[in-house]
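These are the residues of each chain, in order.
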Amino acid sequence: MFHLLEKRIAETFASCIGSLYGLTVEVQTEQPKHSSFGEVAVPAAFQLARQLKKAPKAIAAELLSAVGPIEGVAAAEVAGNGYLNLRLDRGYYGAGLLAGESAESRMSAEKIIVEHTNINPNKAAHIGHLRNAILGDTFVRMMRAAGGTVEVQNYIDNTGVQVADVVVAFRHLEKRTPAEVCALVAGPARFDYVCWDLYTKISSYYEEHPDATAWRQETLHAIEAGEGVEAELAHLISDAIVVAHLNTMWRLNIVYDVLPRESEILHLKFWAAAFELLKERNAIYLETEGKNKGCWVMPGSAFRESSGDDESKVIVRSNGTVTYVGKDIAYQLWKFGLLGKDFYYRKWHTYPNGHEVWASTGQPRNSSPSFGHGSRVYNVIDSRQSYLQDVVVAGLRALGYEEQAANSIHFNYEMVALSPGTCVELGLELSEEDKSRPYVEVSGRKGLGVKADDLIDKLIEKALEEVTSRHPEEPEDARRRVATQIAVGALRYFMLKYTRNSVIAFDFAEALSFEGETGPYVQYAAVRARNILRKLEERGERLPDFRAELAREAMARQLAEEDCWQLLLAASKAGSAVERAVRSGEPSHVARYAFQLAQSFSNFYHEYPVLSEANREKKTFLLWMTDYFRAQLEHTLAVLGIEVPEYM
RNA sequence: GGGCGCGUAGCUCAGGUGGAUAGAGCAUCAGCCUUCUAAGCUGAGGGCCGCUGGUUCGAGUCCAGCCGCGCCUACCA
């Protein structure tokens, strides 16, 4: 509704400027600094001042007298140095909200692909992975809420170095056979945690025994050839870890549509096809001298504006194996349907809610869904990999796919590091150098990090204490369910409240907080809104027929009260908040709006005792406000992937 | 060395395309539970927006140069 009016106001002024000055301009609207200035400000006079060589104030006055009445706008005035401040017709606005009017979503029908999570399937997920998955999942929810068609991909690098290292650890350090590893997967110990420790173990073993990296090389070759014990182990390990990762993410309400796997990229010759294309169109060349002699490289000039010769990127190593970036180029081509090849799929898993996730397979199947063929692709990958993403895009461009290169978006974000205090809390030893830093980088190799499931468990336990202290009479399973929803709300909000390019120095105290600007604060507001409506029914009353009882005049009467009007106005902006967040690609905007919305409701809650209101019209109006707030809170929380508990 | 990012209240962070008196949360201090749940509400204090210069009617925001910090710059990903 708010968005609709903004649009109407902008268009009206644009045509007014057109007929008055013969200029075509896109009129912007903004929110006045203070609510007393009205609801919508038009700063168009400032834009025009330079072109017309007139004072903004004079232009604003001319516009004001020339523009006719605008539907839904009650008054307009010139303010400040040349602002046009508009006041909305409150009765009109309230009636419009009640009727459910809103601007139609503007997202086109094109298919969008979002790739996120992409955790190496060789160990448990940690908090850095959580930021990736939560950002990606929320961005998907935002676009879907705005009417977009989105496919979620989670790429599985099941043939890479990291998996190979854990294979080496099982074979050479632990002396385990595939059958034994199989038993371990089925056993009581968490397999992803076992691998977490093993990965640390093999990494430090390599440091002490540099010759041992030969094991890694032979393992990589065996995996790539798909032969031997190594390949068997690799599949066993990576499949089991993928199951663990999917379970972890499911706890956070994150699901995927398809899992494209690197093993199929290899076996279905995706890379071979891409390699031919790259050679054919001279995107890469065989280096004949220097440190990269014998490698196929992409010249640095393709992906860096100013670069020396030494900045070229190796795509195929001198031993003939392809780097990750090479495979990524093939994968990116496939996402756009440009490779001329496709995966086969098998159903990997059906989630408890019925959603299905499919995985790539090398064997033809009778029937399976179709994936890929997107027209826009978002890769949710942290900022440290910007360089690699530039190479991938340069690959597309070098092949002549300008449009797809432009539609390949690196949805980047800064890393999650650990605050020194949290490191101490975890019992991790820090070097003197690290102690003086503002934060310490997570390292899988060093085992330096907070495991995702440990954090979730910790949050649930803390939430459970709080829930139990407030509702000791509730059954245990219900309390645990509520505590889980609160924990997930806290975690998702924590990961979303920061803008993407802010480094998060993870701190337990902050992450475990349920007060102030947190997920539970927003959930609490939604729960309270529901409580009012529930209490109404418990008293034997019913929700009035709002449309019948709240005519425009009644709305206008009730909304004449400034506080009510401001609260309703804030609540009505959910749609524009999401729309703006999608446009700027910034999920934190939605999180912040959710918090503001909850704050507004908290104010409303304290200011207006709804159920005890004696005046019939006023009570009906307050009930409608409550129900409207509830709907907006629930909708916004859903976009954030946060559930509303039964009670708090 | 080069590329990217950051520097705003004691701490953690917001600040659409330059605009009206720079905002939240936490922490501190002072109040508010017989009432629809205090995971809440109200109020107070707290700021050379890293520094210097430039662009202009106007700069936290744009440009240049410094200073400090982080990440990247592998035949790892």
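You'll find the structure just up there.
Every value quoted in this text rests on a predicted model; they were computed, and no experiment measured them.

Here is what the cut-offs are and how they apply
In this convention, every chain numbers its residues from 1, walking through the sequence in written order. Naming scheme: in the order in which they are written, chains are lettered from A and ligands are numbered from 1. Side-chain atom pairs in this predicted model are given and counted only at pLDDT of 80 or more, local residue features only at pLDDT of at least 70, and totals for whole chains, interfaces and linings cover all residues. As a rule here, side-chain values come from all non-hydrogen atoms in the structure, and water together with hydrogens is ignored. If DSSP finds at least two bridges between two strands, the strands pair. Here a helix means four or more residues in a row that DSSP labels H or I, a strand means two or more in a row labelled E, and each is numbered from the N terminus. For the exposure calls, accessible area comes from a 1.4 Å probe over protein chains only, and a residue counts as buried if that area is under 20% of its type's maximum, exposed if over 50%, partly exposed in between. Note: the arc covers the axis-to-C-beta directions of the helix. Should any heavy atoms of two residues lie within 4.5 Å, those residues are counted as being in contact. Positive charge is attributed to Lys and Arg, negative charge to Asp and Glu, and no charge count is given to His or to the chain ends. We define a salt bridge as a side-chain nitrogen of Lys or Arg found within 4 Å of a carboxyl oxygen belonging to Asp or Glu. Side-chain atoms alone can form a polar contact between residues adjacent in sequence; in general such a contact is a pair of N or O atoms within 3.5 Å, and within protein one must be able to donate a hydrogen while the other accepts it. The near set for a molecule or strand comprises every residue that places at least one heavy atom within 4 Å of it. In this classification, Asp, Glu, Lys and Arg are treated as charged, Ala, Val, Leu, Ile, Met, Phe, Trp, Tyr, Cys and Pro as nonpolar, and every other residue, Gly included, as polar.

This part is about the sheet that holds strand β14 (residues 416–418). Taken in spatial order, the three strands make up an open sheet running β15-β14-β16, and their pairing is mixed. Pairing within the sheet leaves two strands with one partner each, and these edge strands are β15 (440–441) and β16 (504–506). As paired strands, β14 and β16 are joined by three bridges and run parallel to one another. For L418, the partnering residue across the bridge sits in β16 and is F506.

Here we come to helix α23 (residues 552–559). For α23, the full list of buried residues reads A554, M555, Q558 and L559. Looking straight down α23, one finds that the buried residues subtend no more than 120 degrees of arc, so they occupy a single side. In α23, those exposed residues whose orientation departs by more than 90 degrees from the buried face are E553 and R557. Packed against the buried residues of α23 are α4 (90–98), α22 (546–549), α24 (562–571) and α27 (616–639).

With respect to the helices and strands, E287 occurs in the loop between β7 (285–286) and β8 (296–298). Although E287 is buried, it forms no salt bridge, and the closest oppositely charged side chain is K291 at an N-O distance of 9.5 Å. A distance of 3.1 Å separates the side chain of E287 from the side chain of Y285, its partner in a polar contact. The contact partners of E287, leaving out residues within four places of it in the chain, are N292, K293, G294, C295 and V297.

The next thing to look at is the protein's contact with RNA strand B. Taken together, the neighbourhood of RNA strand B is formed by 66 residues, with Y83, R317, Y324, T499 and Y605 sitting nearest. The sugar and phosphate moieties of RNA strand B supply 65% of its atoms located within 4 Å of the protein. Take E517: an N or O atom from its main chain is 3.4 Å from a sugar or linking oxygen of RNA strand B. Of all the secondary structure elements, the ones that give two or more residues to the surface near RNA strand B are α2 (44–52), β3 (83–88), α14 (386–398), α18 (452–470), α21 (519–538) and α26 (587–607). Sort the elements by how many residues they give to the surface near RNA strand B and α26 lands first, with eight residues. Looking at side-chain class alone, the surface near RNA strand B contains 29 nonpolar, 17 polar and 20 charged residues.

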